[in-house]
Amino acid sequence: MSELKLYEIADDYREALEVLTDLDDEAVQDTLEGLKGALEKKSINIAFYIGNLEATAIAIDNAVKRMTARKEAFQNKADSIRKWLKLNMESCKITEIIAPEFALKIVNNPPKVIIEDADLISEYYKRTKTTTTIDKNSIKGDLKRDKKVEGARLAQTTRLQIK
């Protein structure tokens with residue numbers, strides 16, 4: 001026998017509420033208690049499953065953080081060794097080393113601009129960025145104090161809390 005799904009139990013409960021109005025109170029109560037127990041048991045099991053999923057998500061986050069730190073350590077070490085190798089090649093005036101697997105070559109980077117004093121730079125080269133944000137906390141406060149704010153409203157939603 002397969003176990004009923006949560007939505008099936010909920011449907012049965014709602015149907016029982018509608019159909020059982022003609023029966024005596026004790027029979028109605030017994031039927032609803034049985035359905036309520038099944039619904040609660042299923043809901044508790046689903047809550048455990050949600051907890052397991054959330055714990056897995058946390059474990060994955062922690063693994064990602066560890067792997068990211070490890071990746072950065074490897075990249076930093078590679079960058080450091082690359083700089084060390086370049087420095088030694090330059091000090092020996094070697095610009096190219098050819099190996100069967102790859103070639104090492106000191107090449108020029110594209111030119112880059114270095115700003116030594118931003119105050120001396122002409123306004124012609126400066127760009128101004130303007131960022132507009134909406135202060136939702138202020139709007140919320142005004143709406144709670146019954147002040148009308150055009151384009152905004154308070155909405156009360158619900159969530160399932162599992163403690």
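Residues numbered from 1 in each chain as written. Predicted model: local features only at pLDDT ≥ 70, side-chain atom pairs only at ≥ 80, totals over all residues. Heavy atoms only, no water.

Chemist: What am I meant to see in the overall build of the chain here?
Modeler: The helix and strand tally for the chain stands at 3 helices and 2 strands. Overall, the chain shows an N-to-C arrangement of helices and strands of α-α-β-β-α. In the chain, which comprises 163 residues, the share counted as buried stands at 8%. On the chain, roughly 15,800 Å² of surface is accessible, and the fraction owed to carbon and sulfur atoms is 55%. (Helix = DSSP H or I, 4+ residues; strand = E, 2+ residues; numbered from the N terminus. Buried < 20%, exposed > 50% of the residue type's maximum accessible area, 1.4 Å probe, protein only. Areas by Shrake-Rupley, 256 points an atom, 1.4 Å probe, with all protein chains shown as cover.)

Chemist: Is there a simple way to think about the pattern of salt bridges in this case?
Modeler: One side chain can pair with another of opposite charge once the charged atoms of both are near each other. Summed over the entire model, instances satisfying the criterion amount to 4 salt bridges. Lys-86 is the partner of Glu-90 in a salt bridge, and the nearest nitrogen-oxygen pair spans 2.9 Å. In this pair, Glu-90 and Lys-86 both sit in helix H2 (residues 25–91), 4 residues apart, roughly one turn of the helix. The partly exposed category is assigned to Glu-90, whose relative accessible area is 36%. A relative accessible area of 40% places Lys-86 in the partly exposed class. (Salt bridge = Lys/Arg side-chain N within 4 Å of Asp/Glu carboxyl O.)

Chemist: Would you mind going over helix H3 (residues 136–144) with me for this structure?
Modeler: In an α-helix there are 3.6 residues to a turn, and that puts residues three or four apart on one side. Buried within H3 we find Gly-141, Asp-142 and Leu-143. At the exit of H3 stands Asp-146, carrying a positive phi of roughly 65°.

Chemist: Any chance you could explain unusual backbone geometry here in plain terms?
Modeler: Across the chain, the bulk of peptide bonds are trans and the bulk of non-glycine residues have phi less than zero. Positive phi, close to 60°, is recorded for Lys-93, a residue that is not glycine. Of note, Lys-93 is situated in the loop between H2 and strand S1 (96–98). Residue Lys-93 is classed as exposed on the basis of its relative accessible area of 74%. Positive phi values are uncommon outside glycine, yet Asp-146 reaches one of about 65°. Position of Asp-146 among the secondary structure elements: in the segment after H3.

Chemist: Even after reading the chapter, I still don't get the packing of aromatic side chains, so can you show me in this structure?
Modeler: When we look at a pair of aromatic rings, we describe it by the centre distance and by the angle of the planes. Taken as a whole, this structure holds 1 aromatic pair when the rule is applied. Aromatic pair Tyr-124 and Tyr-125: ring centres 5.0 Å apart, planes at 85°, arrangement edge-to-face. The pair Tyr-124 / Tyr-125 is uniform in exposure class, with both members exposed. (Phe/Tyr/Trp six-rings, centres within 6.5 Å; stacked < 30°, edge-to-face > 60°.)

Chemist: Got a minute to help me understand a nonpolar patch on the surface in this structure?
Modeler: Taken together, Val-113, Ile-115, Ile-121, Tyr-124 and Tyr-125 make up a surface patch of nonpolar side chains, about 600 Å² in accessible area. Considering the arrangement of structural elements, one finds Tyr-125 in the loop between strand S2 (103–105) and H3. (Patch = residues over 30% accessible without salt bridge, like charges linked within 9 Å, V, L, I, M, F, W, Y side chains within 5 Å.)

Chemist: How do you make sense of the confidence of the model for the chain when you look at a structure like this?
Modeler: Where the model shows low pLDDT, its predicted coordinates should not be examined in detail. Taken as a whole, the chain shows an average pLDDT of 86; of its residues, 84% reach a score of 70 or greater. By mean pLDDT, the top-scoring element of the chain is H3 (95), and the lowest-scoring one is helix H1 (residues 6–19) (69). (pLDDT = per-residue confidence, 0-100.)

Chemist: Where do I start with the environment of Thr-68 in this structure?
Modeler: Note that Thr-68 resides in helix H2. Within polar-contact distance, the side chain of Thr-68 engages the backbone oxygen of Val-64 at 2.7 Å. (Polar contact = N/O pair within 3.5 Å; in protein donor to acceptor, adjacent residues only side chain to side chain.)

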